[in-house]
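Each chain, letter by letter, is given below.
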Amino acid sequence: MRLDVLRKSYGAVAAVDGVSFVVGPGEIVGLLGPNGAGKTTTINMVMGVLEPDSGAVSVEGETISSRRSWVLSRMNFAAGYAPLPGNLTVYQNLRVFSLLYSVPNARERIATLLGQFDLIRFRNVKCGTLSSGEQTRVSLAKALLNLPHLLLLDEPTASLDPATARHIRSVIRSYVAESRAGVLWTSHNMHEVAEVCDRVLLLSRGRILLGGNPKTLPALHGKKNLEDLFIAVALEPLSLEGVLP
Ligand code: ATP
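Residues numbered from 1 in each chain as written. Predicted model: local features only at pLDDT ≥ 70, side-chain atom pairs only at ≥ 80, totals over all residues. Heavy atoms only, no water.

Undergrad: Now, about the overall build of the chain: what can you tell me, with residues and values included?
TA: Along its length, the chain carries ten helices and ten strands. Taken over C-alpha atoms, the radius of gyration comes to 18 Å for the chain, in line with the 18 Å a tight globule of 245 residues would show. For the chain, the spread of C-alpha atoms along the three principal axes comes to 55 × 40 × 35 Å. Looking at the chain as a whole, 51% of its 245 residues are labelled buried. Put simply, of all contacts in the chain between residues at least 6 apart along the chain, 66% involve residues at least 24 apart. Working note: accessible area of the chain is about 11300 Å², and carbon and sulfur atoms make up 53% of it. (Helix = DSSP H or I, 4+ residues; strand = E, 2+ residues; numbered from the N terminus. Rg over C-alpha atoms; globule rule 2.2 N^0.38 Å. Buried < 20%, exposed > 50% of the residue type's maximum accessible area, 1.4 Å probe, protein only. Contact = heavy atoms within 4.5 Å. Areas by Shrake-Rupley, 256 points an atom, 1.4 Å probe, with all protein chains shown as cover.)

Laid out in structure tokens, this is it:
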């Protein structure tokens, strides 16, 4: 997946201000930044939910503007803040989305995902009655239904307890290792990001200020860990502006 100089403004606010990066096959890229930095706006443009003012998104060489349905069929999305319809059961939701994505052998695929995300006991429970962590797991199961080549995860573990969050990270990592899918992952949990991401991008006020390996990047900028680096970017973005890329 490739973003080329993507821009989106809301009035005078440049929510995304010339963002370019690549997510390679089998790569988990963390998109980090303080509240309002432009992470969700970026993801919404990748998914074609928002039209950029300028710039382009392409997946495997095809752009959303030229081959929208094909590009969208290659990706999927989950977010802590975007639960599935609450009046449908877990199974019904996964069945509806499997029809939308024309998932082959859907019953089998759904059974596998119910097991992977520990949802078998909730199969016939309406999603609206599930806890937020349980709903997040259903969203993640939905996000893997179509074996996406690009997975967009916006704060996927925000409402999960630490044990479940760890389990989810390992399910996603296994999926990436098997499928060679690329993942764009946003999170405010720097411990999680350092553990799961191959590369991170630090966004502030719609611009990428820094990027690199989350394990080595902090020391390169004289910081003890990713959290300290994140706070430096959040508090003083101008001092880091122009360092990369
Ligand atoms: P958070 O970590 O809080 O989820 P974020 O990095 O995802 O933040 P965005 O939601 O992308 O940030 O918002 C980027 C900027 O664009 C913010 O200043 C926000 O107020 C503004 N913004 C986003 N959507 C709209 C909208 N529909 N109308 C006006 N301004 C918007």
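Following the structure, the description resumes.
Undergrad: Could you give an account of unusual backbone geometry, naming the residues involved and the relevant values?
TA: Phi is positive for D118, which is not a glycine, with a value near 55°. Relative to the helices and strands, D118 resides in the loop between α4 (106-116) and α5 (132-144).

Undergrad: Account for the packing of aromatic side chains, with residues named and values stated.
TA: Any two aromatic rings considered together are summarised by their centre-to-centre distance and by the angle between their planes. Counted by the stated rule, this structure contains zero aromatic pairs. Over the ring of Y91 we find R123; its NZ or CZ atom is 4.1 Å from the centre of that ring. Stacked on the ring of F97, the Lys or Arg K142 has its end atom at 5.4 Å from the ring centre. (Phe/Tyr/Trp six-rings, centres within 6.5 Å; stacked < 30°, edge-to-face > 60°. Lys NZ or Arg CZ within 6 Å of the ring centre and 35° of its normal.)

Undergrad: For the sheet that holds strand β4 (residues 54-59), give the residues involved together with the corresponding values.
TA: Ordered in space as β2-β1-β4-β5, the four strands form an open sheet in which the pairing is antiparallel. If you trace the sheet from one side to the other, it starts and ends with β2 (13-22) and β5 (62-63), each paired once. Two strands pair when backbone bridges link them, and strand β1 (residues 2-10) and β4 are joined in this way by four bridges, in the antiparallel orientation. Directly across from L3, in β4, lies its bridge partner V57. Lying on the sheet, helix α1 (residues 39-46) is in contact with β1, β2 and β4; it crosses β1 at an angle near 120°. (Pairing = 2+ DSSP bridges. Axes fitted to C-alpha atoms, helices over the stretch in contact; angles between N-to-C directions.)

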